[in-house]
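The chain contents come next:
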Amino acid sequence: MKRSLLLGIGLVITGLYLFPLYWMYVSALKSSQDLFAYPPHFLPHHIVWTVGQVFVQHEMATYLTNSFLIAGGVTVICVVLGTGCARVLARYRNRWVDVALFAVLMTQVLPSSLMVMPLFVGFSEAGLLRTPRLAVILAQVAKVLPFYIVLTRASLSQIPAELELAAMVDGASRIGAFFRIILPLARNGILVTGILVFLQSFGEYVYARSMISQDDLQTATVGLSAFLGPNTSDWNGMMTYSAIYVTPILIVFVLLQRRIVSGLTAGALK
Amino acid sequence: MSRLKCLSAGLVCAVALGLTGAPRADAAHITLNVWTIDLESQYMFPLAKQFEALHPDITVHVKHVQFQDINNDLARASITGDVPDISYIDNPYIDLFGSRGLLLDLAPMIAQSKMIDLSKFYPGPLAAVKYGDKIYGIPRGANTLALYYNADKFKAAGLDPNKPPRTWAELYADAKTLTDPAKHVYGLAFSAVASEEGTFQFLPWIQMAGGDYNRLNTPNDVEALQFWQKLIDEKLASPDTLVRSQYDSTATFNAGDAAMAISGPWELPRMAKDAKFDYRVALLPTMTAGSAHVSALGEGDNVILAKSQHPKEAFELLEFLNSKMPSVWNDWGFLPVEQVTVDHPNWPADYALFLQALQTARVRGPSPHWADISQAIQTAVQAALTHQATAAQALATAQQSVDATVNQ
Amino acid sequence: MTRMIARFRDGSSFDLTLVALALAYLFVFAALPMLYTVVMSVQKIDMFTLGTLARPFVGLRNYAHVLAMPVAWRVATNTAIFVVLSVVLQLVIGLVLAIYFRQDFPGASTLRGLFLAGWVMPALVVGAIWRWLLAGDFGVVNFLLGSLGLIKGHIFWISDPHVALYSLIIANVWLGIPFNMLLLSVGLAAIPADVYEAASLDGASAIQRFLFVTLPMMRATLGAVLSLSIIFTMQQYDLVAALTQGGPSNASNVAQYWSWQLSFETYDIAGGSVVAVVMILVVILVAILYVRSTRLEQQA
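Reading guide: rules and limits
Residues numbered from 1 in each chain as written. Chains lettered and ligands numbered in written order. Predicted model: local features only at pLDDT ≥ 70, side-chain atom pairs only at ≥ 80, totals over all residues. Heavy atoms only, no water. Buried < 20%, exposed > 50% of the residue type's maximum accessible area, 1.4 Å probe, protein only. Helix = DSSP H or I, 4+ residues; strand = E, 2+ residues; numbered from the N terminus. Pairing = 2+ DSSP bridges. Contact = heavy atoms within 4.5 Å. Buried area = accessible area lost by both parts, 1.4 Å probe. Salt bridge = Lys/Arg side-chain N within 4 Å of Asp/Glu carboxyl O. Polar contact = N/O pair within 3.5 Å; in protein donor to acceptor, adjacent residues only side chain to side chain. Nonpolar A, V, L, I, M, F, W, Y, C, P; charged D, E, K, R; others polar. Axes fitted to C-alpha atoms, helices over the stretch in contact; angles between N-to-C directions. UniProt positions renumbered as here; feature names shortened; annotations may be inferred. Phe/Tyr/Trp six-rings, centres within 6.5 Å; stacked < 30°, edge-to-face > 60°. 1 Å grid on protein atoms, 1.4 Å probe; cavity = no way out; pocket = protein on both sides within 12 Å on 5 of 7 lines; lining within 4 Å. Points joined across faces, edges and corners; volume = space filled by probe spheres on them.

Side note on the pairing of strand 12 (residues 300-304) of chain B
Residues and elements named next belong to chain B. In terms of residue burial, strand 12 counts as a mostly covered element, since five of its five residues are buried. Taken together, the five bridges between strand 3 (residues 86-90) and strand 12 define a ladder with antiparallel strand orientation. Within the sheet, the bridge partner assigned to I89 lies in strand 12 and is D301. Summarising the sheet, strand 6 (residues 138-139) and strand 12 pair through two bridges and their orientation is antiparallel. Bridge assignment links P139 to a residue of strand 12, and that residue is D301.

Written as structure tokens, this is what we have:
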């Protein structure tokens, strides 16, 4: 009895929280008269299916591919660079580790919107703007790397240093121990944090907007911002675009959510 | 100062290169890069195709840039040196780019041109591209503001649909009669949004009151702003007027949620589709009966960047675009910027009215500091409409910042 | 040479290299741009002179200019309200939800997982959706509140200067809840069950258990969540751009957006850099206070 009551309340809370998403989907299916009706209709009167049209007209295939490439690149670099650093910072507890962590976090004070100008000038001098997607990847890695390090460090610190020492006693080198002992144990945590980094980068906007000038290299968020311009009250189109954009993310997410939640909590549970 | 000299020297060079048609191998294929705010099906895209057909040795690469991003993108491009040959620039910003030496002075080429005759241009659009004796662009068309009204709602409210409001007092009275909170209908829709659009909508009111962007705080100017305050305070216009663009505001008119709307001719195609009622257009009401009518000058100009490698071909494209002036109204919804004969204009009554409004349309600025000036004006409007300040205080503050900017 | 390699493989050099690589990356792509921002804040510079490197040094004149602007004070207060309220609400709601979904009922972890949907949404999209939900004349939030009898008439969420900042906070809290909830769930799970049992045996009530067991044991987690939330909130630019654009009349303008406006709307890069530098200083100050306070706690 108590458990079904808890479930009931839980469902209501979750429903309330997810209402904006529901509203996005409903609005994507409404006609323009339906959209501005007051009182609003909670189910569309006539379903207007513009998904194909929006997808093609707004060249979403290209945009989504670019977003995917950029997010993928960011994730790879982040995992390669960040995992070792996170391990070391998790392994030692001293003042220098605190200083390093503090420094890492401090690089995150300014939002992308303010970092973009100096980066733009620097990249322009270095000729990186000729490969604009790479430029966005490099800039975005700096944005998510600290986040990756902090979260991965938390799950890596659950692995006792003794394991590593034991491996080294058995003749493995430090590097060998890292690759053969630590990484397999931390696989889940790294995977999960990697996914989060990927998703964050999939929604990146400011760097892509400023550094990519060719339309066919542009990302999906920038495509969405076309709807936010002055001559747009195309709410239906905007909601349809948003729905197309986030649905794959949501599906991947719902499929993986058990793994993600356990991945982040696993370390702590052991 | 020396930098300025340097820039102007560069400019002279660029012009000279342009005139001699400089290093251009005869068989070489030329690519012109063009930035525009148009969407794929509009103005620059199809016209560039036509131009290519006439000039097989020239490829025109057209790129769409959002209206609100184009100034930034041009500035950024000028840092990297990756500028287009031709770009769209909004009227009041010509001076900003011109004063930085980023634009090519077209005056020498126009003097030689058989196709462009400046004496035929209307004064408003011409003023926008003039910078001293230099000409920094060719207006591609114009738009301006007028008052749309829902004649059916006029009749229903007992007003004469043949007598739209002609003064501010009449506008207020009609808006009051037409407002119906029970049915979610506002008397008037306009835009006081904190962007260039807000300045565009507000400036004509100041100008009708006798002021301008650099004379903002006379008692008449204050009255203009107080008039807007009254419309919002008494809910004759939606409080969301402060955050809605012109297009969004007019959408509420089209949906029947506002009885009148202030906007431009670009609305006509959508209105023909969405507005299921008898709508008409009238001139903006004047401050008092018989006082001056002023409207705003909108749309922008095609400019050639000073760094363009192909100024001669770029100018040929501008000439070609200019030759399409007689059809800009029917094809793209722009008002022509010079005296041309328009055969069978679409929506002839509305066309005539907007063309009449255009005759008294004034360019915003022009000033190399327009971005700051425009922001000072938007801030004043928003501060007064939200009662963060009285109309008089808000405009006095704006005047101070404008003075500081202009004299800096 | 082989000795060096051996040291690299087995000694602390390997560790140092791993850390140095990441730190070097961050130095080049994050610290240098920040230093450049500091340099720009004391130069005479705007969008168009960005390309040339020889720019006149003007000392603190840019600072005097920006801080004397009438909106500066407004933006500072707004930013404080935005950050404090966002962080506190995210933390409280996140904690409540984490505790709620920790209880034993069918589907608890699945429902908790669904909350994460909010986290994976791009802020730009979230801003667009909330702008639509909160529309004054035809928004669904006004309708729902009206039908529940909670409000009379309409609230103009985006255009009422007394409300706009709070609309921004609502949307930002919505975005931040999942992150808080998840990390706090992790922290909660780390508390051994026998500690609770012991407390129960000693006759502690649920509230006492929360105050004297849960909270103290969560201190490290709370600290981490808090500092990350503050950073995320101070970085929130996309949401402001999509939802209120700082308006009306700067009523919802916050430092990170204002700085962008100065740099990119009025091309005053120097002014924008000044705001950015002030933001850095404030965060460093807060961080130092935080570190010192935890030190004192440990000593006491």
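Digging into the side chain of T241(B)
Within the element layout of this structure, T241(B) appears in the loop between helix 10 (219-233) and helix 11 (246-254). Among all residues touching T241(B), those that are not within four sequence positions of it are F190(B), S191(B), A192(B), V193(B) and I232(B).

Observations concerning the interface of chain B and chain A
The partner chain A presents 16 residues to the 15 residues of chain B that form the contact. Broken down residue by residue, the surface that chain B buries against chain A is led by Q66(B), R76(B) and Y247(B), which jointly contribute 31%. Our count for the contact surface shared by chain B and chain A stands at two salt bridges. Our enumeration of links across chain B and chain A arrives at three residue pairs in polar contact (both at pLDDT 80 or more). When contributions to the side of chain B that touches chain A are tallied by element, the ones reaching two or more residues are helix 3 (70-80) and helix 11 of chain B. Of the residues contributing to the side of chain B that touches chain A, the split by class is three nonpolar, five polar and seven charged.

Quick look at the sheet that holds strand 9 (residues 258-263) of chain B
Sheet strands line up and pair through hydrogen bonds in the backbone, either parallel or antiparallel. All names here are of chain B. Read from one edge to the other, the open sheet built from four strands follows the order 8-9-7-10, with strand pairing classed as mixed. The open sheet is flanked by strand 8 (186-189) and strand 10 (279-282), the only strands paired with a single partner. Strand-to-strand twist in this sheet, taken as the mean axis angle between neighbours without regard to direction, amounts to 20°. With four bridges connecting them, strand 7 (residues 146-150) and strand 10 associate as antiparallel partners.

Observations regarding the UniProt feature "domain: ABC transmembrane type-1" (unreviewed entry) in chain C
Listed under "domain: ABC transmembrane type-1" (unreviewed entry) in the UniProt record, and renumbered for this structure, are residues 76-290 of chain C. Along residues 76-290 of chain C one finds 73% helix and 0% strand; the C-alpha atoms at either end are 20 Å apart.

Section: the UniProt feature "transmembrane region" (unreviewed entry) in chain C
Residue and element names in this part refer to chain C. In the numbering adopted here, UniProt assigns the feature "transmembrane region" (unreviewed entry) to residues 12-36, 80-101, 113-133, 140-158, 164-189, 210-232 and 269-291. In this annotation, residues 12-36 is assigned 100% helix and 0% strand; the end-to-end C-alpha distance for the span is 33 Å. Secondary structure across residues 140-158 comprises 42% helix and 0% strand; the distance between its end C-alpha atoms is 14 Å.

Description of the sheet that holds strand 3 of chain B
Residues and elements named next belong to chain B. An order of 2-1-3-12-6 is seen for the five strands of this open sheet, with the pairing classed as mixed. Edge positions in the sheet fall to strand 2 (58-64) and strand 6, since each of these pairs with one other strand and no more. Inspection of the sheet shows strand 1 (residues 30-36) paired to strand 3 by two bridges, in the parallel sense. Of the residues in strand 3, the one forming a bridge with V34 is I86. Of the strands in this sheet, strand 1, strand 2, strand 3, strand 6 and strand 12 touch helix 13 (residues 311-323), which is tilted by about 155° from strand 12.

Remarks on the packing of aromatic side chains
Counted according to the given criterion, the structure contains 44 aromatic pairs over all chains. Centroid distance Y213(B) to W370(B): 5.5 Å. Interplanar angle 75°. Geometry classified as edge-to-face. With Y213(B) in the loop between helix 9 (196-208) and helix 10 and W370(B) in helix 16 (residues 370-385), the pair connects residues that are 157 residues apart, well separated along the chain. Neither residue differs from the other here; Y213(B) and W370(B) are each classed as buried. Cluster of aromatic residues (ring-pair linked, three or more members): Y17(A), Y100(C), F101(C), F105(C), F115(C), W130(C) and W174(C).

Looking at the environment of T379(B)
Residue and element names in this part refer to chain B. Here T379 lies in helix 16. Given a relative accessible area of 32%, T379 falls into the partly exposed group. In this structure the C-alpha to C-alpha distance between T379 and T144, which are 235 residues apart in sequence, comes to 23 Å. In terms of polar contacts, T379 uses its side chain to reach the backbone carbonyl oxygen of Q375, at 2.6 Å.

Re the pattern of salt bridges
Across all of its chains, the model carries 17 salt bridges over all chains by this definition. R244(B) is the partner of D240(B) in a salt bridge, and the nearest nitrogen-oxygen pair spans 3.9 Å. Note that K312(B) is salt-bridged to E316(B), the shortest N-O span being 3.5 Å. On the criterion of helical spacing, the pair formed by K312(B) and E316(B) is a turn pair, its members being four residues apart in helix 13. If you follow the salt bridges from partner to partner, you end up with R209(A), D69(B), D73(B) and R76(B) in one network.

Regarding empty space enclosed by the protein
For the structure shown, the criterion picks out ten cavities of 30 Å³ or more. Computed from the structure, the largest cavity encloses a volume of approximately 790 Å³. Every residue lining the largest cavity is counted, 37 residues in all, and those nearest its centre are Q200(A), A123(C), F232(C), Q235(C) and Q236(C). Residues belonging to the lining of the largest cavity are distributed by class as follows: 20 nonpolar, 14 polar and three charged. When its volume is computed, the second largest cavity comes out at roughly 190 Å³. Element by element, the count of residues in the lining of the second largest cavity is highest for helix 11 of chain B, at three residues. Split by residue class, the lining of the second largest cavity holds eight nonpolar, two polar and four charged.

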